[in-house]
Number of protein chains: 2
Amino acid sequence: MTVEYKTRTQVVVEEIRKRILSGSIKAGEPLRQAALAEELNVSRIPVREALLQLEAEGLVEFEAHKGATATRLSAEQVTELFELRALLECDLLRRAIPLMTDEVFKAADRVRLKMTAAFEKSDEIISWSELNTEFHLTLYRPAGRHKTVELVHNLMINSDRYIRFHLLLAGGVTKADPEHHALLQLCQSKDIEGACQLLQQHILEAANEINTILVRSESR
Amino acid sequence: MTVEYKTRTQVVVEEIRKRILSGSIKAGEPLRQAALAEELNVSRIPVREALLQLEAEGLVEFEAHKGATATRLSAEQVTELFELRALLECDLLRRAIPLMTDEVFKAADRVRLKMTAAFEKSDEIISWSELNTEFHLTLYRPAGRHKTVELVHNLMINSDRYIRFHLLLAGGVTKADPEHHALLQLCQSKDIEGACQLLQQHILEAANEINTILVRSESR
DNA sequence: GCAGGATATATTGTATACAATAAATGATAT
DNA sequence: ATATCATTTATTGTATACAATATATCCTGC
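Residues numbered from 1 in each chain as written. Chains lettered and ligands numbered in written order. Predicted model: local features only at pLDDT ≥ 70, side-chain atom pairs only at ≥ 80, totals over all residues. Heavy atoms only, no water.

S.K.: Explain the protein's contact with DNA strand D here, please?
M.R.: Surrounding DNA strand D, one finds 21 residues, the nearest of these being A:Arg8, A:Ser43, B:Tyr5, B:Arg44 and B:Arg48. When atoms of DNA strand D within 4 Å of the protein are split into backbone and base, the sugar-phosphate part holds 75%. At a separation of 2.9 Å, a phosphate oxygen of DNA strand D approaches a polar side-chain atom of A:Thr9. Taking B:His65, its main chain carries an N or O atom lying 2.9 Å from a phosphate oxygen of DNA strand D. Elements that contribute at least two residues to the surface near DNA strand D include exactly α1 (8-22) and α3 (44-57) of chain A together with α3 (44-57) of chain B. Among the elements that take part in the surface near DNA strand D, α3(B) stands out by supplying three residues, more than any other. Each residue belonging to the surface near DNA strand D can be placed in one class, and the counts come to eight nonpolar, seven polar and six charged. (Near = heavy atom within 4 Å. Polar contact = N/O pair within 3.5 Å; in protein donor to acceptor, adjacent residues only side chain to side chain. Helix = DSSP H or I, 4+ residues; strand = E, 2+ residues; numbered from the N terminus. Nonpolar A, V, L, I, M, F, W, Y, C, P; charged D, E, K, R; others polar.)

Here is the structure:
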């Protein structure tokens, strides 16, 4: 087991990210450096550096002399985010399928099972989300496109806040597992077109349902 | 004219970015915080923050306790970068063409003319590069996909260092202008498929030529 | 009461100082 | 001579202190 020494900045990054994704820090909420620093028992320097990193991830917006806020995306922007994912993930999957080994299928299925287990304990939506991300990434990694995978990973993190709506309000979780199962089957039988089509549909359908929820709440 | 007040960190970001893109800081070169701070007459804090931002841009790699280096990409990674651009830029162009107004064509053509002017003064490769970026972005912006455009912009910045090879060694500039002209024509006649195909070719061909140069220099 | 401006307050931006880590150097034993 | 460990040096990471900016409050005149 590696020692995994972490710098304070990294710890702060993870903590703030967790808070934003879990909704404990809401979109648009200002992130005061001093307050966070005191709460996390560090100076403002690591907090600032963490906020900068989170800005790069897209979770935080930083304005000079005015401070940082948790990013708030419009319904339109969320749609763009998901459509971008659809484009990139389909490209990755297309490239990955011919290179998938049995190990990949096994690993993906293990993650899928963990996911259904996490679903039972209904309070573990966050870990379900993480597993969902891991499931998809497992399928993409064989493409060998390191940078693209990382980019998609980041887009997924940015989607996560909104996916929670989908899971809670539109019953996304119940639909997810059969679709994941089918996706795996298609990958295994090397049906590239079928798999990509299902994946695209999987992503865009979620986007649609999230969009209707967001539009409703925006006009409110 | 806006006052455009800049924070020290921002100034440092721009300076270091310029140095990396111009080649004055070479790929793989370590970036010592103290040295940069002294040279730029600031403390290490804005230098650190600048390096973090540049890491997010992909121009710098940061390793805890070991310091930052200018990113060095393998031939394979450069190929991935350009193929990613091809995918995203074609998608943007496809969405943009139906929404392009006359103003867009005029603006794009103005940029194109500036580009040929910059080409005359052969030492202005950097500004040629900036104009090239601007030309393409002008065509993409009507798509209204703010996030995607920004992402592509970043990918272009990352390509710039390598595009310089293409321009200098493979005569990329002479080919560029006719292709840009043709691209504009196709956009104007709303020939989506033709325009996208030309654009893809435009990007992937550059990628190929850069790749051969890089592979040669890697095996050396 | 309200507009405009001066003052005070909160908050961010940056310099300096110190702590922690990693790399380089040198000493010791085999 | 070489490998191993202790010590030094270089460099990064973080806390504290101060400066600059933006926001809020209060005053003044009308």
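There's more to say after this.
S.K.: Whenever I open this one, the protein's contact with DNA strand C confuses me. Can you help?
M.R.: Lining the immediate surroundings of DNA strand C are 21 residues, of which A:Tyr5, A:Arg44, A:Arg48, B:Arg8 and B:Ser43 lie closest. Within the side chain of A:Arg32, a nitrogen or oxygen atom sits 3.2 Å from a phosphate oxygen of DNA strand C. Going through the elements one at a time, α3 of chain A together with α1 (8-22) and α3 of chain B are the ones with two or more residues in the surface near DNA strand C. The leading source of residues in the surface near DNA strand C is α3(A), at three residues. Class assignment for the residues of the surface near DNA strand C results in eight nonpolar, seven polar and six charged.

S.K.: Sorry if this is basic, but what is going on with helix α5 (residues 102-120) of chain A here?
M.R.: Every α-helix winds through 3.6 residues per turn, so residues three or four apart in the chain are directed the same way. Residue and element names in this part refer to chain A. For α5, which comprises 19 residues, the first-to-last C-alpha distance of 28 Å matches the rise-based estimate of 27 Å (1.5 Å per residue) to within 8%. Among all positions of α5, only Val104, Phe105, Ala108, Val111, Arg112, Met115 and Ala118 are buried. Take α5 and look down its axis: the buried residues cluster within an arc of 145 degrees, on one side only. Across α5 from its buried face, at more than 90 degrees, point the exposed residues Asp102, Lys114 and Glu120. (Expected span 1.5 Å × (residues − 1). Buried < 20%, exposed > 50% of the residue type's maximum accessible area, 1.4 Å probe, protein only. Arc of directions from axis to C-beta.)

S.K.: I would appreciate a short explanation of the pairing of strand β3 (residues 67-70) of chain A in the present structure.
M.R.: Looking down a regular strand, the side chains alternate between one sheet face and the other. All names here are of chain A. With two bridges connecting them, strand β1 (residues 30-31) and β3 associate as antiparallel partners. Opposite Pro30, over in β3, you have Thr69 as the bridge partner. Relative to β3, strand β2 (residues 60-63) runs antiparallel, the two sharing four bridges. Residue pairing in the sheet places Phe62 in a bridge with Ala68 of β3. The hairpin turn running from β2 into β3, its antiparallel successor, is three residues long, and His65 in that turn takes a positive phi close to 70 degrees. (Pairing = 2+ DSSP bridges.)

S.K.: What should I look at first to understand the UniProt feature "domain: HTH gntR-type" (unreviewed entry) in chain A in this one?
M.R.: Following the UniProt record, the feature "domain: HTH gntR-type" (unreviewed entry) maps to residues 6-73 of chain A here. Taken end to end, residues 6-73 of chain A is 54% helix and 15% strand, and its first and last C-alpha atoms sit 31 Å apart. (UniProt positions renumbered as here; feature names shortened; annotations may be inferred.)

S.K.: What am I meant to see in the sheet that holds β3(A) here?
M.R.: Strand pairing within a sheet occurs via backbone hydrogen bonds; the two strands may be parallel or antiparallel. Residue and element names in this part refer to chain A. Taking strand neighbours across the sheet as the criterion, the three strands line up as β1-β3-β2 in an open arrangement whose pairing is antiparallel. In this open sheet, the two strands that pair with only one neighbour each are β1 and β2. Most of the contacts of α3 go to β2, to which it runs at about 115 degrees, and overall it touches β1, β2 and β3. (Contact = heavy atoms within 4.5 Å. Axes fitted to C-alpha atoms, helices over the stretch in contact; angles between N-to-C directions.)

S.K.: When you look at the domain arrangement of chain A in this model, what are you seeing that I'm missing?
M.R.: It is common to give the size of an interface as the accessible area lost on bringing the parts into contact. Residue and element names in this part refer to chain A. In terms of domain boundaries, chain A breaks down into domain 1 (8-70) and domain 2 (75-219). Taking only C-alpha atoms into account, the centre of domain 1 sits 27 Å from that of domain 2. Contacts between domain 1 and domain 2 engage eight residues on the former and seven residues on the latter. Here domain 1 packs against domain 2, burying approximately 700 Å² in sum over the two surfaces, 55% of which is carbon and sulfur. Taken as a group, Leu21, Ser22 and Glu57 account for 58% of the area that domain 1 buries against domain 2, more than any other trio of residues on that side. Remark: the boundary between domain 1 and domain 2 carries zero salt bridges. For the pair domain 1 and domain 2, the number of links is three residue pairs in polar contact (both at pLDDT 80 or more). Broken down by element, the side of domain 1 that touches domain 2 gets its largest block of residues, four residues, from α1. Here the residues of the side of domain 1 that touches domain 2 sort into four nonpolar, two polar and two charged. (Domains from an automatic or database assignment. Buried area = accessible area lost by both parts, 1.4 Å probe. Salt bridge = Lys/Arg side-chain N within 4 Å of Asp/Glu carboxyl O.)

S.K.: I keep staring at the pattern of salt bridges and nothing clicks. Help me out?
M.R.: It is possible for side chains of opposite charge to pair when their charged atoms get near one another. The tally for this structure, following the rule as stated, stands at 35 salt bridges over all chains. Of the charged contacts in the structure, one is a salt bridge between A:Arg141 and A:Glu134, with a shortest N-O distance of 2.7 Å. Taking the shortest distance from any N to any O, the salt bridge between B:Arg112 and B:Asp109 comes out at 3.0 Å. Highlighted residues: B:Arg112 and B:Asp109, both in helix α5 (residues 102-120), separated by three residues, approximately one helical turn. The buried category is assigned to B:Arg112, whose relative accessible area is 8%.

S.K.: Teacher, can you tell me more about the interface of chain B and chain A here?
M.R.: Listed per partner, the contact involves 22 residues of chain B and 22 residues of chain A. Here chain B packs against chain A, burying approximately 2,200 Å² in sum over the two surfaces, 59% of which is carbon and sulfur. Broken down residue by residue, the surface that chain B buries against chain A is led by B:Glu49, B:Glu80 and B:Leu87, which jointly contribute 24%. Connecting chain B to chain A are six salt bridges. Here B:Arg145 and A:Glu83 are joined by a salt bridge, their closest N and O atoms 2.2 Å apart. Our count for the chain B to chain A interface comes out at ten residue pairs in polar contact (both at pLDDT 80 or more). Of all the secondary-structure elements, those providing two or more residues to the side of chain B that touches chain A are α3, α4 (75-96) and α7 (146-169) of chain B. In terms of residue count, α4(B) provides more of the side of chain B that touches chain A than any other element does, seven residues in total. Of the residues assigned to the side of chain B that touches chain A, the class counts are eight nonpolar, six polar and eight charged.

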